[in-house]
Amino acid sequence: MSDREEHDEHVFRLTRRKALKGLALGIGTMVLPAKDASASVWDSFFQKNFRELSRPERQKILARLEKEYSATYKKSVRVKDTPSPEGVLFGYGLDLSRCVGCRRCVYGCVTENNQSRDPQVHWIKVLRLSKERGVDLEHSEQYYNPATVPQEGYFYMPVQCQQCENPPCTKVCPVQATWKETDGIVVVDYNWCIGCRYCMAACPYGARHFNWKAPGLPAGEMNPETHYLGNRPRPVGVVEKCTFCMQRTREPDGKYPACVEVCPVGARKFGNLLDPTSEIRNVIENKRVFILKEDLNTQPKFYYFYSV
Amino acid sequence: MVPPPPFTEGIFPCSECHKEMRPNPTRRELKDEHADIQLKNHAEKERWCLDCHDMKNRDKLRLVSGEQIDFTESYRLCGQCHGDKYRDWRSGIHGKRTGQWNGKKQYLLCAHCHNPHNPRFKELQPMPPPMRPENIR
């Protein structure tokens with residue numbers, strides 16, 4: 001009998017007092033976004049996961065974002081949602097015998113993909129490794145700054161998102177704001193991301209980056225040709241990463257990614273892994289190739305190779 | 001699509017000056033003109049100007065076979081010795097391509113990146129290193 005009495009104390013009883021308290025809280029929360037009092041705040045607040053959106057819903061969202069960005073950056077900004085092309089699986093090759101470590105790719109990427117200048121966000125990290133040790137990441141150096149490169153006795157290895165076929169980062173996302181598309185590109189829905197940074201912890205390549213502050217992107221330097229899942233301006237508190245420049249590569253006139261275009265030594269190769277005549281297939285079939293941290297079974301589609 | 005060969009301004013066509021001159025096939029060091037051109041790290045002991053430049057038609061290059069080729073086809077000349085690089089270049093592994101991964105591409109001639117007389121790739125000034133995390137505010 002005494003047991004029963006004790007148990008009863010823990011049973012939730014809806015009293016008039018509690019109900020009023022709850023109601024007040026509820027109304028309070030709903031009033032919060034109204035401070036900015038614009039319809040677009042409400043729209044983005046109730047926006048669904050990108051993958052659950054219907055065609056008209058997407059169009060509405062893209063139009064809203066274009067309007068917002070165009071006003072912020074004072075130019076006509078385009079936000080595309082070009083889907084994965086049919087029969088394409090993107091692959092990337094990087095020639096370690098050629099890379100001179102000049103970091104042109106790092107800044108080419110920043111410009112193309114609207115990364116924050118201040119605080120600084122770089123999607124590509126160029127590691128300097130000693131020829132004696134080989135690919136020994138423990139002894140890599142990314143802050144090297146000599147007058148000229150390459151330096152005697154060193155080689156250079158740029159690291160960016162490896163677009164894993166088996167990506168650990170997407171599995172840990174508690175809200176499924178990041179996923180792998182059919183062309184192999186791992187993307188983030190910046191409007192759905194809650195900024196928990198689990199994906200950053202899961203990525204073995206350090207390829208994901210967090211916006212601790214609102215990105216500092218000068219209006220004059222903003223690239224107005226954007227993709228919803230790619231280089232559109234990001235809000236504070238979300239994770240971002242390389243998307244193989246999907247705003248360029250997914251278009252029918254399939255331009256090379258910005259890092260390929262800017263590389264002065266032609267060390268960067270890009271193409272369709274499903275096309276047997278592509279440059280990237282040629283590299284894989286004829287050169288000495290390795291993938292980074294193969295033992296983790298992430299199955300990167302970023303192939304480091306030696307052309308000599 | 002290929003950009004035109006990287007000539008020093010005003011130097012082409014070579015026949016402009018050479019048509020008045022009598023060709024001298026003797027191997028020698030050039031003193032008056034082209035004194036700045038030095039073969040470096042490129043088999044300078046074994047070769048000299050007329051191994052690659054045609055003696056009779058100054059506006060052409062010359063293959064070992066005697067065939068005359070345009071400067072826009074210089075890769076065939078380079079490919080005579082560097083067959084492996086030539087093959088890689090043709091399949092898009094060696095050298096830089098720009099344009100479309102699934103369509104029209106632009107590529108460069110060997111001479112756009114390698115000075116034919118001194119072909120080693122020139123050192124570059126690197127762009128600034130990333131900020132250390134402790135300095136990012």
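As a starting point, this report considers the structure included with it. (Residues numbered from 1 in each chain as written. Chains lettered and ligands numbered in written order. Predicted model: local features only at pLDDT ≥ 70, side-chain atom pairs only at ≥ 80, totals over all residues. Heavy atoms only, no water.)

### Observations regarding the overall build of chain A
Along the backbone of chain A there are 10 helices and 12 strands. Projected onto its principal axes, the C-alpha positions of chain A cover 80 × 55 × 40 Å. The buried share of chain A, taken over its 308 residues, is 49%. Within chain A, residue pairs in contact and separated by at least 24 positions form 66% of the contacts whose partners lie at least 6 positions apart. (Helix = DSSP H or I, 4+ residues; strand = E, 2+ residues; numbered from the N terminus. Buried < 20%, exposed > 50% of the residue type's maximum accessible area, 1.4 Å probe, protein only. Contact = heavy atoms within 4.5 Å.)

### Things to note about the overall build of chain B
Secondary structure summary: chain B contains four helices and four strands in total. Along its sequence from the N terminus, chain B presents helices and strands in the succession α-β-β-α-α-β-β-α. Scaling as 2.2 N^0.38, a compact globule of 137 residues should have a C-alpha radius of gyration of about 14 Å, whereas chain B reaches 19 Å, well beyond that. Structurally, chain B occupies a C-alpha span of about 70 × 35 × 30 Å along its principal axes. Within chain B, buried positions represent 25% of all 137 residues. If you take every contact in chain B between residues at least 6 apart in sequence, the share linking residues at least 24 apart comes to 42%. When the accessible surface of chain B is totalled, it reaches about 9800 Å², and 52% of it is carbon and sulfur. Side-chain charges in chain B split into 24 positive and 19 negative, and the spacing between the mean points of these groups amounts to 6 Å. (Rg over C-alpha atoms; globule rule 2.2 N^0.38 Å. Areas by Shrake-Rupley, 256 points an atom, 1.4 Å probe, with all protein chains shown as cover. Lys, Arg positive; Asp, Glu negative; His and termini not counted. Charge placed at Lys NZ, Arg CZ, Asp CG, Glu CD.)

### What about the environment of Ser40 of chain A?
All names here are of chain A. Here Ser40 lies in helix H3 (residues 39-45). Relative accessible area serves as the criterion here: at 21%, Ser40 is assigned to the partly exposed category. Taking the C-alpha atoms as reference points, Ser40 and Ile61, 21 residues apart in sequence, are found 9.3 Å from one another. Other than its neighbours up to four places away in sequence, Ser40 contacts Arg64 and Glu68.

### Focus: helix H3 (residues 83-90) of chain B
All names here are of chain B. Considered for burial, the residues of H3 that qualify are Tyr86, Asp88 and Trp89. For H3, the angular spread of buried residues about the axis comes to 165 degrees, placing them on one side. Structural note: H3 exposes Arg87 and Arg90 on the side pointing more than 90 degrees away from its buried face. Where the residues of H3 are buried, they touch helix H2 (74-79), strand E3 (97-99) and strand E4 (105-107). Positive phi shows up at Gly92, right after H3, with a value of about 85 degrees. (Arc of directions from axis to C-beta.)

### Quick notes on the packing of aromatic side chains
For any pair of aromatic rings, the description rests on two quantities: the centre-to-centre distance and the angle between the ring planes. For the structure on display, the rule yields 21 aromatic pairs over all chains. The interplanar angle of 10 degrees and the centroid separation of 4.4 Å between the aromatic rings of Phe7 of chain B and Phe12 of chain B together place this pair among those described as stacked. The ring of Phe50 of chain A carries the charged tip of Arg58 of chain A above its face, separated from the ring centre by 4.0 Å. Its guanidinium or amino end placed over the ring of Tyr86 of chain B, Arg90 of chain B lies 4.5 Å from that ring's centre, counting from NZ or CZ. (Phe/Tyr/Trp six-rings, centres within 6.5 Å; stacked < 30°, edge-to-face > 60°. Lys NZ or Arg CZ within 6 Å of the ring centre and 35° of its normal.)

### What to know about the interface of chain A and chain B
Taken together, the contact pairs 47 residues of chain A with 29 residues of chain B. Of the roughly 3300 Å² buried where chain A meets chain B, counting both sides, 56% is carbon and sulfur surface. Looking at the side of chain A facing chain B, the largest losses of area belong to Gln120, Tyr143 and Tyr256 of chain A, adding up to 18% of the total buried there. Put simply, chain A and chain B have three salt bridges between them. Measuring nitrogen to oxygen at the nearest pair gives 2.7 Å for the salt bridge that ties Lys287 of chain A to Asp88 of chain B. Here chain A and chain B share 22 residue pairs in polar contact (both at pLDDT 80 or more) between them. For the side of chain A that touches chain B, the secondary-structure elements that each account for two or more residues are helix H5 (104-112), helix H9 (258-262), strand E10 (268-272) and helix H10 (279-286) of chain A. Element by element, the count of residues in the side of chain A that touches chain B is highest for E10 of chain A, at four residues. (Buried area = accessible area lost by both parts, 1.4 Å probe. Salt bridge = Lys/Arg side-chain N within 4 Å of Asp/Glu carboxyl O. Polar contact = N/O pair within 3.5 Å; in protein donor to acceptor, adjacent residues only side chain to side chain.)

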